[in-house]
Amino acid sequence: MRAPYMLSPQASQIRQMFSSIARRYDLLNHLLSLNVDRSWRRQAASLLADPLEDRQALCLDLCCGTGDLLVEMAKQGSARIVGSDFSHPMLKLGREKLAKRRLQQRAQLLEADALRLPFPTNTFDGLAVAFGLRNLESWSEGLGEMWRVLKPEGRIVVLEFSRPTLPLFNRLFQLYFLWILPRIGQGISGHGTAYRYLHDSVQDFPDQARLCRLMKEAGFAEVSFRNLSGGIAALHWGVKDGKSTV
Ligand SMILES: C[S@@+](CC[C@H](N)C(=O)[O-])C[C@H]1O[C@@H](n2cnc3c(N)ncnc32)[C@H](O)[C@@H]1O
């Protein structure tokens, strides 16, 4: 089924890129991060413990890709979970993963553009987005849309690459990220530019403090963050103010 929405040329290009690396996406994630990405997603899900433990609650894994975070969210609670992404091949792999783990009853996957989500305002009790926000054409519009679909007092968790805090470690990591990772990525995925794009998009993405500001500007309260692996990645979180109206 094709997606019933129009995308800008830039967003279509991003979708095409993720669709063409989908088959090797999980393997490269685990290999390039030496499996540390699993622990990052586990920590992201644990920040949604309250809604996830509530069997009446509904949570969203936005830009879910092949569903690794969604599976982690399902493992950590009994809430119902929706995963959404605009890449059909990513979602296909995600559906296979859910079926293998017999999670189809609790989790559903849906093809949708993160900037125009097909959910009513105030739908979700919790929302997580892992390595997705960075890829959106407008980070503030993306955060605004997340704010809209969360219920008042609903919690958001953002897992993204960030800035290592120690200068020497940062320099070493940049060497790995710029010169080694794209070569391994190209060799295994067969895609010439996707892992170069990863480096460039992380350079452009706001650092820890700026992302906090963007989240506050989008209307989130109690915004805070925690570095992961020395700041290679960071977890940001916040809540939709209970008094908010739309
Ligand atoms: C780096 S992957 C992250 C996947 C997954 N969250 C994870 O933790 O591995 C980014 C995902 O965001 C999706 N994506 C990027 N822009 C999107 C948009 N505008 N709407 C929906 N999905 C989008 C891509 O298709 C891709 O699956």
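Residues numbered from 1 in each chain as written. Predicted model: local features only at pLDDT ≥ 70, side-chain atom pairs only at ≥ 80, totals over all residues. Heavy atoms only, no water.

*Asks:* What is the right way to look at the pattern of salt bridges in this model?
*Replies:* Side chains that carry opposite charge are capable of pairing whenever their charged atoms lie near each other. All told, the structure shown has 10 salt bridges when counted by the stated rule. Across the pair lysine 97 and aspartate 26 runs a salt bridge, and its minimum N-O distance is 2.6 Å. Of this pair, lysine 97 sits in helix H5 (residues 88-100) while aspartate 26 sits in helix H1 (residues 9-32), placing them 71 residues apart in sequence. Across this residue pair, the class does not change: lysine 97 and aspartate 26 are buried. In this structure, arginine 196 and aspartate 200 form a salt bridge, with 3.9 Å as the shortest nitrogen-oxygen distance. With arginine 196 and aspartate 200 both in helix H8 (residues 194-204) and four residues apart, the pair spans about one turn of that helix. With a relative accessible area of 39%, arginine 196 lands in the partly exposed category. Sharing partners across several salt bridges, the network here consists of Asp26, Asp68 and Lys97. (Salt bridge = Lys/Arg side-chain N within 4 Å of Asp/Glu carboxyl O. Helix = DSSP H or I, 4+ residues; strand = E, 2+ residues; numbered from the N terminus. Buried < 20%, exposed > 50% of the residue type's maximum accessible area, 1.4 Å probe, protein only.)

*Asks:* Where do I start with a nonpolar patch on the surface in this structure?
*Replies:* On the surface, Leu31, Leu168, Leu172, Leu175, Trp179, Ile180 and Ile184 cluster together into a nonpolar patch covering about 680 Å² of accessible area. Residue contributions to the nonpolar patch peak at six residues, all from helix H7 (residues 167-189). If you trace the backbone, tryptophan 179 turns up in helix H7. (Patch = residues over 30% accessible without salt bridge, like charges linked within 9 Å, V, L, I, M, F, W, Y side chains within 5 Å. Areas by Shrake-Rupley, 256 points an atom, 1.4 Å probe, with all protein chains shown as cover.)

*Asks:* Is there a simple way to think about the state of the cysteines in this case?
*Replies:* By definition, a disulfide links the sulfur atoms of two cysteine residues through a covalent bond. All told, the structure shown has zero disulfides when counted by the stated rule. Cysteine 59 takes part in no disulfide bond, and the closest cysteine sulfur to it belongs to cysteine 64, at a distance of 14 Å. Here cysteine 212 is not cross-linked by a disulfide; its sulfur's nearest cysteine counterpart is in cysteine 63, at 20 Å. Taking the relative accessible area as the measure of exposure, cysteine 212 reaches 11% and is therefore buried. (Disulfide = S-S within 2.5 Å.)

*Asks:* What is the right way to look at the nonpolar core in this model?
*Replies:* Side chains of nonpolar character tend, in soluble globular proteins, to be buried together. Met73, Leu159 and Tyr195 are the most contacted members of the largest nonpolar core, which totals 51 residues. Counting residues per element, this core draws most heavily on H1, which supplies nine residues. The residues touching tyrosine 195, leaving out its near neighbours within four places in the chain, are Ile21, Tyr25, Leu28, Leu32, Leu181, Pro182, Gly185 and Ser189. Residues Met146, Val158, Phe205 and Phe220 belong to the second largest nonpolar core, which totals 28 residues. (Core = buried A, V, L, I, M, F, W, Y, C linked by side-chain atoms within 4.5 Å. Contact = heavy atoms within 4.5 Å.)

*Asks:* Whenever I open this one, a positive patch on the surface confuses me. Can you help?
*Replies:* On the surface, Arg38, Arg42, Lys100 and Arg101 cluster together into a patch of positive charge. Summarising the element assignment, arginine 42 is placed in helix H2 (residues 36-46). (Lys, Arg positive; Asp, Glu negative; His and termini not counted. Charge placed at Lys NZ, Arg CZ, Asp CG, Glu CD.)

*Asks:* Looking at this model, I keep getting lost on the environment of aspartate 26. Mind explaining?
*Replies:* In this structure aspartate 26 comes out as buried when scored by relative accessible area, which is 19%. Sequence separation of aspartate 26 and leucine 150 is 124 residues, and the distance between their C-alpha atoms is 28 Å. If near-sequence neighbours (up to four positions away) are discounted, aspartate 26 is found in contact with Thr66, Asp68 and Lys97.

Remember that the coordinates give geometry; whether it matters functionally is a separate question.
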